[in-house]
Every structure is written in structure tokens, then in C-alpha cells.
Amino acid sequence: MKYKISSVILALTMIFALAGCSSAPADASSSNGGNTNAAMTMVGVSVTGTAETNPYGSALESRLKEQGYSVELAYSGSGQQVKQISDMVSDGASLLIVESEDVNAVKKALESVSVDVSAVHVIALDTPVQSSSVNAYVGVDFADLGKQQAEYVVNALKLDSLPEECDPLTIEFVGDQTSGTQKALEGAMSVLKPYMDEGTLEVLSGNTTASSIEAADANAWATELFSTTYLDTDLNAVLCFGDQQGEAVVDAVFSSYQGNIFPTVVTAGNSARSVEYLSKHYLGMVTTTDTKSIIDNTIAAVTAIVDASGKPIHEQLTAVTAITTTDYQAALLDSGLYTANDDGTFTKNESK
């Protein structure tokens, strides 16, 4: 859909001008929880996956409509999200909730339609987008993620009780190409840096800023690491800050690693394959997040932005829950999130 940027900005400016000088119907407070600006606002929601697999789309649509907002919902896939964002703005959305399929592409899309806090307001959902176009981030507390992973590794490697004559243990970091990786690394380093300073722990690759690798490339990254830096040396631990990176690293351990010990690998998220690897003790830790909390925080962010005429509210963070080999049964199976199959695999119950 082609349109002139100036026309879009003009139309959006008119929307907010009307919102500022008009009042809602007398019964608006009863229909939208007291937010008298809701009826003036169209919200565009662009999320990843499908209606069956995404936990946010239909829930956000329902909650927003209950509060009086009009909603345009779209599920992205195969590079559709950039066009979805443009279409939503063209259709009159004055606020966007975007769960990024491709962070860099979304950033360019926002900038291409001159989205800023004076025109269209943007909430980045689940994945941070570093752009002046974004008013708020709602999702995982990545610093907390990194901290919990590091604390698990400290305990697993018994770093606090190593003999003084013990050689340094080794660790590597890998994250995806989002700003969440840097925050996760900062959280991890807040725990691990003292051990590095005293020589108990070291990063043989020298990469203490975390390799920026997508999940699809994590296997190749680990294979290269095992065939060079760790060809004749044991690797004790790998912290994976991105979804589905941990299982890719585990696959590389089986195919390429020549060390004498199996590395302690921890990862973000809980894909079906990572849960399988957790049950087999190939992974030490996965994570889960309270989806309801993120949805509640998103609705709160929408209300705050609309009521404040778009002033930035920064972050609404939800802590992750660490799941290990000792508690995955209760957290993932007894809860109904996953079903264990006879062949040792797991199936995620998408309604959960």
C-alpha cells in the first residue's frame, strides 16, 4: 500500500488533536475501565507466528476491545511484518504493539513511516527495539535472565569451593541479534565477573561481549569454537541468551566436541526440543515467562501512553522463571504446558 508520509503524519496529528479536545460518551468509564481516550484510539497489533501458536495476539485483541479500543490484529511470517506495520499506520492506527519477527527490519519500518512520539506511538513486545520511535518495551527482564543463568552455572560448577590449585574453568557466551543480549550479558557478568577477576573462570575465546548469532547459526558457531579454541581444551559452560540456541550448541557438542567433560549449557526459552534435551540432562536450564503478566503490563502501557499523550514510559519488565532438570516435571508437565510423548519428545499445548 503506497502513500505519502506527509499525509500519514497529518492524519495522525489530527487524530491526537481530536483526542485532546473531545470527550468520550457519558458511559465510557463503564465500558473501558475509566479510560475516556480509548474510543479515540485505534491500536495495531502485529505479533509473530499464528493464532494457534502465539500467546499474545487474541488475548491482547480481546482485552483492548473490552477497554474500548478499536484493534487491527495481524500475525506475521515470512517477512510480512514490515508491510503490516505500514498498512496499520495507513489504516489509522495511532498506537502499535509490535512483537518483532526481525528487529532490524521492524526498526527500519518504523523509521520509514516517520513514526515518533508525536505521531504514532509504539510498544515493543517481548523483543527490545532500540529506536527513538519506540515509547516502551514490555517483556522479559533480560538482565534477570542473564543473572539467573550465571547463578545456575556458579552452583553447577561449584565455583565457590574449587581448590586453590585448580586450573581456571572455562565459559563462553552467545546471544541473538537483539538489544536483549547485551542486557542479559550485563546480568550474567554481575555474577561472574568476580570469578573472572580472581582467575577462577575464563573465556578462552576472549569474547566477553557475547557473540551475536541467530539460533539457526548457533550450531556453526559452536562447531567452529570446538574445532579451534577448544580443540584440546575442555569447555565447562555455555550461556545462551537467545531462544533455541542451547539445543543447537548441544547438537554441536555431540557432533564436534572432543573434550573430556560435557559442558553445562543453559538457554533461554523452552522450545519442545529444549525441553527434551533438559529431560535428558543435555541442557541444565531453560526458562519460562508468565505470559499473563506480560499481557497485563502491555495493557497498562497502552493506557499510560494514551492518557499521557504519548510520553515515553520506558520499560515494563517481567522476570523469567528458571527451570532445571530437577523441577521441569512440575513446571512444564504437571502444569499442562507440555505433554511427554512415548518416543521421548515433548509436545507443547498451545492453549497454555
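Before reading on, note that the structure itself is shown above.
Presented here is a report on the structure given in the accompanying data block. Nothing here was measured: the structure is a model prediction, and the numbers come from that model.

Description of the sheet that holds strand S2 (residues 70-76)
- The six strands lie next to each other as S2-S1-S3-S4-S5-S12, forming an open sheet whose pairing is parallel. Here the strands that pair on one side only, and so sit at the sheet edges, are S2 and strand S12 (314-318). For this sheet the average axis-to-axis angle between neighbouring strands, irrespective of direction, equals 15 degrees.
- When strand S3 (residues 95-98) meets strand S4 (residues 121-125), the two strands line up parallel, connected through four bridges. Looking across to S4, one finds that leucine 96 is bridged to valine 122.
- Across the sheet, helix H3 (residues 57-66) touches strand S1 (42-48), S2, S3 and S4, and the angle it forms with S2 is around 175 degrees.

Some remarks on the pairing of strand S10 (residues 264-268)
- Here S10 lies mainly inside the structure; five of its five residues are buried.
- Sheet topology places strand S9 (residues 237-243) next to S10; four bridges connect them, and they run parallel. Within S10, the residue paired with alanine 237 across the bridge is threonine 264.
- Handedness of the crossover is the feature at issue here: the chain leaves S9, passes through helix H9 (residues 245-256), returns alongside S10, and the resulting connection is right-handed.

Topic: the side chain of serine 279
- Within the secondary structure, serine 279 sits in helix H10 (residues 272-279).
- Within polar-contact distance, the side chain of serine 279 engages the backbone oxygen of glutamate 276 at 2.6 Å.
- Filtering out sequence-adjacent residues up to four positions away, serine 279 remains in contact with Tyr328 and Phe346.

Section: H9
- Here H9 contains 12 residues, and its C-alpha end-to-end distance of 16 Å stays within 8% of the 16 Å for a straight helix at 1.5 Å per residue.
- Most of H9 sits inside the fold, with nine of its 12 residues counted as buried.
- Within the span of H9, buried status applies to Gln245, Gly246, Glu247, Ala248, Val249, Val250, Ala252, Val253 and Ser256.
- For H9, the secondary structure elements touched by its buried residues are strand S6 (169-175), helix H8 (215-227), S9, S10 and H10.

Each value, and the rule that gives it
- Residues numbered from 1 in each chain as written.
- Predicted model: local features only at pLDDT ≥ 70, side-chain atom pairs only at ≥ 80, totals over all residues.
- Heavy atoms only, no water.
- Pairing = 2+ DSSP bridges.
- Helix = DSSP H or I, 4+ residues; strand = E, 2+ residues; numbered from the N terminus.
- Axes fitted to C-alpha atoms, helices over the stretch in contact; angles between N-to-C directions.
- Contact = heavy atoms within 4.5 Å.
- Buried < 20%, exposed > 50% of the residue type's maximum accessible area, 1.4 Å probe, protein only.
- Right-handed = clockwise from strand over helix to strand, strands pointing away.
- Polar contact = N/O pair within 3.5 Å; in protein donor to acceptor, adjacent residues only side chain to side chain.
- Expected span 1.5 Å × (residues − 1).

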